[in-house]
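Commentary on secondary and tertiary structure
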Protein chains: 2
Amino acid sequence: MTIAIIGGTGPQGQGLALRFARAGVEVVLGGRDGVRAAAIAEELQAQLPGSAAKIRGLDNEGATKAAEEMVILAVPFSAHNATLEALKPALAGKILVDIVVPLAEGDPKKVDMPPEGSATEAAQALLGPDIPVIGALHNVSAVTLKALDQSINCDILVCGNSLDARKKVIELVRKLGVEAYNAGDAQSARCIEAITPILIRLNISKAVPFSHAGIRICPPDH
Amino acid sequence: MTIAIIGGTGPQGQGLALRFARAGVEVVLGGRDGVRAAAIAEELQAQLPGSAAKIRGLDNEGATKAAEEMVILAVPFSAHNATLEALKPALAGKILVDIVVPLAEGDPKKVDMPPEGSATEAAQALLGPDIPVIGALHNVSAVTLKALDQSINCDILVCGNSLDARKKVIELVRKLGVEAYNAGDAQSARCIEAITPILIRLNISKAVPFSHAGIRICPPDH
């Protein structure tokens, strides 16, 4: 299996590339500059054991085309719509996995949602109904992703209008050794994306005696 | 300390009354019918050891007036605004703790948010800036609250525009033996209220091998 990570040269994208490649999923990192993406891919590969799947680097369009089915979007929100506009033709027949959180400019403790309600809904509106958009992986800290000696302290809430695509993304995400849950249609992204700034607030405020808090779905206590 | 629970005759209100009284906080249950509220208060008191604080029952207005400082609103969303409109004069000088989730009519797996963005924001708009509104306790299952042999499997995210009121509510909630976190201003209620239908979806769909899922803030794994 080969996935693409658009904006894959950023911290979140790099962390996901490491985790997916270690789990046996081939990754094509996409960057605005394909040469830089290839150089970062090489650096990441060197951090992994020989048993890991391959990480390559291309420009964003090349990476999108190289993905078998799933393309993860990991750009800052300021580049969200323009990147999708440019990649729309290459995304035909694929699933877009949108991990972008619309953090408020100058205040990462708040969201500033687009008129559609969330990044996932904005992406779905922009790409049209033939390209399923699935929101996922919003709440995992990039630092945690890159710390390969740690497991991931965060359940993944997966949402989007296509149930079939949701199931495929849940299966993909579970390869990282985390629990992933069906959280409903794209509207749920208004909630899920907004969990991230709440976690950032806890980390910044030292309200928790640790950094890089995650969230987990918990059974009843007895 | 004496708190009021408006709509306290419902399952969430009853569960909170039991938990707070057991923790030593006097509770005045408010109902539309004060006689019925008094009868339910008596039933609840009988479930608690003699060391528990007192639970009384009054009509909603009487309960609001009897509260020292904090008034918890636990009515169905359909009664949210009308109840607040009626209680506004009695709420002067107090803090409203809004636990209401605007679940969609006929689909508890979704929210149907009011134009203000969330129940908490609607309450704040309706009550005006002199009565602080704090959103909290949205995500705890009523069944869990009433099962007094269980501890509560859910951290509490507390939000609202007044930091001072947020701190007071965090202190109150912690009396239940749960962790409570400052989750920012009232806008965070758009996220926090919407977590509840995601948990309801997991419970209904059997996606988790248990009922009455909660959420917790988690430290990094090592």
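The following refers to the structure shown.

Cut-offs applied
- Residues numbered from 1 in each chain as written.
- Chains lettered and ligands numbered in written order.
- Predicted model: local features only at pLDDT ≥ 70, side-chain atom pairs only at ≥ 80, totals over all residues.
- Heavy atoms only, no water.
- Helix = DSSP H or I, 4+ residues; strand = E, 2+ residues; numbered from the N terminus.
- Rg over C-alpha atoms; globule rule 2.2 N^0.38 Å.
- Buried < 20%, exposed > 50% of the residue type's maximum accessible area, 1.4 Å probe, protein only.
- Contact = heavy atoms within 4.5 Å.
- Areas by Shrake-Rupley, 256 points an atom, 1.4 Å probe, with all protein chains shown as cover.
- Lys, Arg positive; Asp, Glu negative; His and termini not counted.
- Charge placed at Lys NZ, Arg CZ, Asp CG, Glu CD.
- Arc of directions from axis to C-beta.
- Pairing = 2+ DSSP bridges.
- Axes fitted to C-alpha atoms, helices over the stretch in contact; angles between N-to-C directions.

With that out of the way, let us pick up the overall build of chain A. Secondary structure assignment for chain A yields 8 helices and 11 strands. Relative to the globule expectation of 17 Å for 222 residues, the C-alpha radius of gyration of chain A, 16 Å, shows essentially globular dimensions. Oriented by its inertia axes, the alpha-carbon framework of chain A measures out at about 45 × 40 × 35 Å. For chain A, the residues scored as buried account for 60% of the 222 residues in total. Intrachain contacts of chain A at a sequence separation of at least 6 include 71% that bridge at least 24 residues. Surface accessibility of chain A: about 8700 Å² in total, with carbon and sulfur atoms responsible for 51%. Taking the average place of the 21 positive charges on the side chains of chain A and the average place of its 24 negative ones, the gap between the two points comes to 3 Å.

To continue, consider helix α4 (residues 80-87) of chain B. Residues and elements named next belong to chain B. Buried within α4 are the following residues: His80, Thr83, Leu84 and Leu87. In a view along the axis of α4, the buried residues occupy a sector of 95°, so they form one face of it. Summarising the geometry of α4, the exposed residues directed more than 90 degrees from the buried face are Ala82, Glu85 and Ala86. Those residues of α4 that are buried are in contact with β1 (2-6), α3 (60-66), β4 (70-73), β5 (95-98) and α5 (119-127).

Take the sheet that holds strand β2 (residues 26-31) of chain A next. Residues and elements named next belong to chain A. Strands sit in the order β3-β2-β1-β4-β5-β8-β9-β10 across an open sheet of 8 strands; the sheet is mixed. One side of each edge strand has no neighbouring strand; the edge strands of this open sheet are β3 (55-59) and β10 (180-182). The mean angle between the axes of side-by-side strands here comes to 25°, regardless of whether they run parallel or antiparallel. With 3 bridges joining them, strand β5 (residues 95-98) and strand β8 (residues 133-135) adopt parallel strand pairing. Looking at the pairing, Val97 lines up with Ile134 of β8. Along the sheet, helix α2 (residues 34-46) makes contact with β2 and β3, crossing β3 at roughly 170°. The strands touched by helix α7 (residues 163-174) within the sheet are β1 (2-6), β4 (70-73), β5, β8, β9 (156-160) and β10, with β10 carrying the most contacts at an inclination of about 170°.

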